[in-house]
Amino acid sequence: MRIGFGEPFVGRAGKLMNMAFQALGMKREEVYIANIVKCRPPANRNPEEDECRACMNYLRNQVILVKPEIIVLLGSVALKNILGKEYGITASRGKWVEKKGIKYMPTWHPAALLRDETKKIDFIKDLQLVMEELNK
């Protein structure tokens, strides 16, 4: 296994995400993956609000440089920090949100799929919606 400094999704959740990409006919190298925070919080906990705020300018610059048409928001932390605190992952997943010319698809974080396998079907369906949009 190749683990690089700061490389996102390298553990079990990353393996699951790679399998999802493969099932959809994609390669991980074909997507740009970025985290809300640029360093792992202690004990792999969710980042706190101040940690997220500290990294947002870096993330904004990544988006400016990459110029994505679609951003897939993996989980509640990404959803709330990008689209706003009023969004909840359960109600938002699988539904397109468009802001400033970018389409966002919220879905489950791969770690959530490891805790609850019933979410895998929704996750794959959400990624299929993304693929359909990319193929238009």
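Details of the structure are given in the entry above.
Rules and cut-offs
Residues numbered from 1 in each chain as written. Predicted model: local features only at pLDDT ≥ 70, side-chain atom pairs only at ≥ 80, totals over all residues. Heavy atoms only, no water. Helix = DSSP H or I, 4+ residues; strand = E, 2+ residues; numbered from the N terminus. Rg over C-alpha atoms; globule rule 2.2 N^0.38 Å. Contact = heavy atoms within 4.5 Å. Areas by Shrake-Rupley, 256 points an atom, 1.4 Å probe, with all protein chains shown as cover. Lys, Arg positive; Asp, Glu negative; His and termini not counted. Charge placed at Lys NZ, Arg CZ, Asp CG, Glu CD. Buried < 20%, exposed > 50% of the residue type's maximum accessible area, 1.4 Å probe, protein only. Core = buried A, V, L, I, M, F, W, Y, C linked by side-chain atoms within 4.5 Å.

Draft legend 1. Structural context of the overall build of the protein chain. Helix and strand content of the protein chain: 6 helices and 3 strands. Relative to the globule expectation of 14 Å for 136 residues, the C-alpha radius of gyration of the protein chain, 14 Å, shows essentially globular dimensions. Looking at the protein chain alone, contacts between residues at least 24 apart form 51% of all its contacts between residues at least 6 apart. Roughly 9,000 Å² of accessible area belongs to the protein chain as shown, and the carbon and sulfur atoms make up 53% of that amount. Here the protein chain holds 23 positive side-chain charges and 16 negative ones, and the gap between their average locations is 2 Å.

Draft legend 2. Quick peek at the side chain of Gln-62. Here Gln-62 lies in helix α2 (residues 49-66). For Gln-62, a relative accessible area of 13% puts it in the buried group. Once residues lying within four places of it in the same chain are set aside, the contact partners of Gln-62 are Tyr-32, Ala-34 and Lys-38.

Draft legend 3. Representation of the nonpolar core within the structure. Ile-36, Leu-73, Leu-79, Leu-83, Tyr-104 and Phe-123 are the most contacted members of the largest nonpolar core, which totals 31 residues. Among the elements that take part in this core, helix α1 (residues 12-23) stands out by supplying 5 residues, more than any other. Ignoring sequence-local partners within four residues, the contact set of Ile-36 consists of Cys-52, Cys-55, Met-56, Leu-59, Val-77, Ala-78, Asn-81 and Ile-82.

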